[in-house]
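Close look at the chain arrangement
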Amino acid sequence: MRHSRDVEMADIRPKEGSWGQGSVLSAPGASSRSSYPDHRHRQQQQRRRSHPVRDFLDSFRRDPGRRVTPAAVMNTAEDRRRASVARRSDEMSSSLERTRSREHHGAHYFDLHAANVGTANTLLSRELKGRHLQMIAIGGSIGTGLFVASGKALNTGGPASVLIAYLFVGCMLYCTIQGLGELAVTFPVAGSFSAYSTRFLDPAWGFAMGWNYALQWLTVLPVEIIAASITVSYWNSDLHRSIFTTVFLFAIVIINLFGVKGYGEAEFVFAIIKITAVIGFILLGIVINIGGFPNDGYIGTRYWHNPGAFNNGFKGLCAVFVTAAFAFTGTELVGLAAAETVNPRKSLPTAIKQVFWRISLFYIVSLTLIGLLVPHNHAQLLGAKSAADAAASPFVIAIESAGIAVLPGVMNSVILVAVISVGNSAVFGSSRTLAALADQRQAPQILGYVDRRGRPLVAIIVASLIGLLGYLADLEQQSDVLNWLLAVSGLSSIFTWGSICLAHIRFRKAWAAKGRSVGELAFRSQVGVAGSWLGLVLNGLVLVAQFWTAAWPVPRPMVPSGSDGVTLAGAGGAAEGSGGAASVPIESARDAAQNFFLQYLCAPIVVAFYVGYKLWYRTSVVRVEEMDVDTGRRDFNLPILISREVEEKKGWPRWKRIYKFLC
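Scoring rules and cut-offs
Residues numbered from 1 in each chain as written. Predicted model: local features only at pLDDT ≥ 70, side-chain atom pairs only at ≥ 80, totals over all residues. Heavy atoms only, no water. Helix = DSSP H or I, 4+ residues; strand = E, 2+ residues; numbered from the N terminus. Expected span 1.5 Å × (residues − 1). Buried < 20%, exposed > 50% of the residue type's maximum accessible area, 1.4 Å probe, protein only. Contact = heavy atoms within 4.5 Å. Salt bridge = Lys/Arg side-chain N within 4 Å of Asp/Glu carboxyl O. Patch = residues over 30% accessible without salt bridge, like charges linked within 9 Å, V, L, I, M, F, W, Y side chains within 5 Å. Areas by Shrake-Rupley, 256 points an atom, 1.4 Å probe, with all protein chains shown as cover. Polar contact = N/O pair within 3.5 Å; in protein donor to acceptor, adjacent residues only side chain to side chain. pLDDT = per-residue confidence, 0-100. Axes fitted to C-alpha atoms, helices over the stretch in contact; angles between N-to-C directions. Parallel < 35°, antiparallel > 145°, perpendicular 65-115°, else oblique. Left-handed = near helix turned anticlockwise from the far one by under 90°. Core = buried A, V, L, I, M, F, W, Y, C linked by side-chain atoms within 4.5 Å.

**Thoughts on helix 25 (residues 528-551)**
With 24 residues, helix 25 extends 35 Å between its outermost C-alpha atoms, agreeing within 8% with the 34 Å of an ideal straight helix rising 1.5 Å per residue. Within the sequence span of helix 25, burial applies to Gly528, Gly531, Ser532, Gly535, Leu538, Asn539, Val542, Leu543, Ala545, Gln546, Thr549 and Ala550. Buried positions along helix 25 lie against helix 10 (149-186), helix 16 (313-328), helix 24 (492-513) and helix 26 (589-600).

This is the structure we're talking about:
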C-alpha cells in the first residue's frame, strides 16, 4: 500500500492551468520556466475571449478531464492498473460498464470492487466547510417534524410519552451518528450509508438502502412544498396555493443549482434562523410557565396532572416513536456531505459531536416546555387540516395562549423557513444518493452525470421534477396525497439508521481482521461498537412498536364540534403526521388494511428492492475477510497529525479537554 501522503496529494486539485507548461507542478527545469510568460499571455487572451453566457452554459457540460476515480487515488496496484486501462479509453464509464455488467457463469454478476472504486473519489465538488457541516448537524433538518407533527404526538401519547419517545430516539440516533462519523471520516465516499451497506453488508441491501433513502427524500420534497403553501394560508387563505408552490419550488431548485456551496450557505442561514427561534421560544416558554397565561397564574406542571402525563397508555407511547424518528430525519445528511467536504477529518468530528447538543437542547428542552404549556387534549391540536398545517403547531398554540399578538406570526415565519430548508435538503439528499447509485451501476448511468462545477445535474433535475407533485396542494384530496407521500418516507430513516449501525459493526470486524488497530482510525466513535449494537437494537424495537401500532392502531382522536356532539379530527397524515394514531377511521377490514400500509408501507418496499436485486444478481453477504477497507480511505498522514495533537493536548486545561470531547 502506498504512503498516506500520496493519498492526500492525490486529492489536491490544482487550479486550472497549474499542470500546464511552465507551472511549478510540472516544470522541473529551466526550459519549462522560460516559457511561463508565453503561457500566462495565452491565459490572458483566453480570459479576454471568454463570454459570460457561454461560460455559464459551458459549466453544465461534463468535464472531459475529470474522471470518476483517477489512478492516483487508488490504493492497490490492481486499482491503478484498471484506472490506467480506463484512461486510455475515451470514456471511463464504458470501461467500468464492461467490468460491472459482464455475465458470470450464465447469471448477472455484480462487481463489488468496481462499485467501491466507483464511489471512492467522486466528481462532486468539495466545497463544504466546517461551519456548513456544523449548522447542518445542529439545525439542518428541523422542520415540520418538530414544529408541527409534535402536536399530534402530544395528543396521541401525552407529554410524558413525547419526552420518553424523543429521549429514546435521541439516544438511538446519537449512537448511530457516532458510528456514521467514524465511517464517513475514514471513507468520505459518494453515497455514504448506501455505499457502506454495499461494501460491508450485502450489495443487494446496499441497493435497497440507496433507493429507500432516495425515495424518502424524493417524496419529502413535494410534502414540504405543500406544507409551505399551507403555512402561507395562515396570513391569507384566499390565494391559490399553486402560486406559492411555484415560488418555493423555484427557490429550492435555484439554490441547488448553485452547487454544494449554495446548499451549504443556504442551510447555514436557515439553521441560524431556526436555532435562534428555538432558543427564543425556550426562554419565552420559561417566562410563560412561571408567569402564567393572562387569566391564570403560575402553570408549572399543571397539565401533567390534568388532563395527565400519558394518553392511550403504553400503546400511545409506542405510537409516538415513529413521529420522533421523523423529527430527527436528516441528521445523517452530515455523513452524506462528507464526500463534498474540504477537510472531512477536521470538520466532520466537530459536526458529529454537535448532534448531542441538537438532541438535548432543541428537542428535549423545547418539547418539555411544550408539554408544560399545552394540554394534550387542546382542541387546536386536533383540528389540523393536514400533517403540514402550522395552525396545529404546539409552538404557535403556546404563544397564542399567552396572549402575545405578534409572535404567532413570527413563529409561523420560522416554520415556513424550516419547511423550505427541509425541501432544500430533500433535493440535496436525493440527488447525491441517486448519483452514487449510478456510480455503483445500481441506477441508470445518466443519473451519475456531474457537470464541470461538480453538480449531479441530471439527478437534481429528476428530484425537481418530482417536486411538481406539490401542485396537488389545491386538490380536495390533498390530505390523501400527503398521507401516501408520507407513507413512503415514514420508516425510511429507521432502516437507514439501522443499516449504518450494522455497517459500523461489520467494518470494525473487518478492520481488526486485517490486523489494524483502532488507533489507526482518523476518528473513533465515542460509544464504540457497543453503541452501534445499542443503536441497532433500538432501531429494531422502533420497527416492532410501529408494526404493533399499525396493525392495531390507537383510535383517531375526537374533536368537539359544538352542540352536534363530536367529529373525527382532521386528516393528520401518515404515522408521523398523525402522531401515531390511526391515519383513517377504522370502520371495516379495508380501512384497517389501508391504515396499516399508510403507516408501514416502507417495509414492503425495502423488502421488494432487496429480494428483487438479490434474485437478479445472486449476491451474497460480504464475508469479513473479503471486505475492502482500503479503497477510498484517506489516512491524512495520521502518525504525524496524531503526534502533533497529543503534544498540543498536553497543554490544554481540563475545561478545554471536556469542551473538545463534547464539541
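**Observations concerning the pattern of salt bridges**
Side-chain pairs of opposite charge can arise where the charged atoms are in close proximity. Taken as a whole and judged by the stated rule, the model has five salt bridges. Residue Glu265 pairs with Arg131 through a salt bridge whose shortest N-O separation is 2.5 Å. With Glu265 in helix 14 (residues 259-291) and Arg131 in helix 8 (residues 130-139), the pair connects residues that are 134 residues apart, well separated along the chain. Judged by relative accessible area, Glu265 falls into the partly exposed class, the value being 27%. Look at Arg131 and you get partly exposed, because its relative accessible area is 36%. With a closest N to O distance of 2.7 Å, Glu182 and Arg508 form a salt bridge. A residue pair is termed long-range when its members are at least 10 positions apart, and Glu182 in helix 10 and Arg508 in helix 24 qualify at 326 residues. For the pair formed by Glu182 and Arg508, the shared burial category is buried.

**Overview of a nonpolar patch on the surface**
A cluster of nonpolar residues, Ile279, Leu283, Leu361 and Val365, forms a patch on the protein surface that exposes about 300 Å² of accessible area. Contributions of two or more residues to the nonpolar patch are made by helix 14 and helix 18 (344-373). Assignment of secondary structure puts Val365 in helix 18. The partly exposed category is assigned to Val365, whose relative accessible area is 31%.

**Regarding the environment of Leu163**
Relative to the helices and strands, Leu163 is located in helix 10. For Leu163 and Tyr363, which are 200 residues apart along the polypeptide, the C-alpha to C-alpha distance reads 9.0 Å.

**Observations concerning the environment of Ser413**
Checked against the element boundaries, Ser413 lands in helix 21 (residues 407-439). A distance of 3.0 Å separates a polar side-chain atom of Ser413 from the backbone oxygen of Gly409.

**A few points about the side chain of Ser197**
Looking at where Ser197 falls in the secondary structure, it is placed in helix 11 (residues 193-200). Excluding residues that lie within four positions of it along the chain, Ser197 makes contacts with Asp202, Trp205, Gly206, Met209 and Ser499.

**What about the confidence of the model for the protein chain?**
On average, residues of the protein chain carry a pLDDT of 76, and 73% of them reach 70 or more. The secondary structure element of the protein chain with the lowest average pLDDT is strand 4 (residues 566-568), at 36, and the one with the highest is helix 24, at 93. Here residues 65-106 scores under 50 on pLDDT; set against residues more than four positions off or in separate chains, the count is 80 contacts. Taken together, the stretch residues 559-578 has pLDDT below 50 and engages in 65 contacts with residues farther than four places along the chain or on a different chain.

**Side note on the packing of helix 24 against helix 25**
With their axes 9 Å apart at the nearest point, helix 24 and helix 25 run at an angle of 150° to one another. Considering their axes alone, helix 24 and helix 25 lie roughly antiparallel with respect to each other. By crossing handedness, the relation of helix 24 to helix 25 is classed as left-handed. Between helix 24, through Ile494, Phe495, Trp497, Gly498, Cys501, Leu502, His504, Ile505 and Arg508, and helix 25, the contact on the second element is made entirely by Gly528, Val529, Ser532, Trp533, Gly535, Leu536, Asn539, Val542 and Leu543.

**Considerations on unusual backbone geometry**
Pro307 follows Asn306 through a cis peptide bond whose omega is 15°. Assignment of secondary structure puts Pro307 in helix 15 (residues 302-308). Although it is not a glycine, Asn312 adopts a positive phi angle of roughly 65°. Assignment of secondary structure puts Asn312 in the loop between helix 15 and helix 16. Owing to a relative accessible area of 36%, Asn312 belongs among the partly exposed residues under this scheme. Phi is positive for Arg618, which is not a glycine, with a value near 55°. Classification of Arg618 as exposed rests on a relative accessible area of 61%.

**Brief notes about the nonpolar core**
Counting residues in each nonpolar core, the largest one holds 137 residues, and the members touching the most others are Phe147, Tyr166, Tyr196 and Trp497. Counting residues per element, this core draws most heavily on helix 10, at 14 residues. Other than its neighbours up to four places away in sequence, Tyr196 contacts Leu180, Leu183, Ala184, Phe187, Val189, Leu201 and Ala503. Membership of the second largest hydrophobic core comes to 14 residues, among which are Phe207, Leu437, Ala438 and Ala443.

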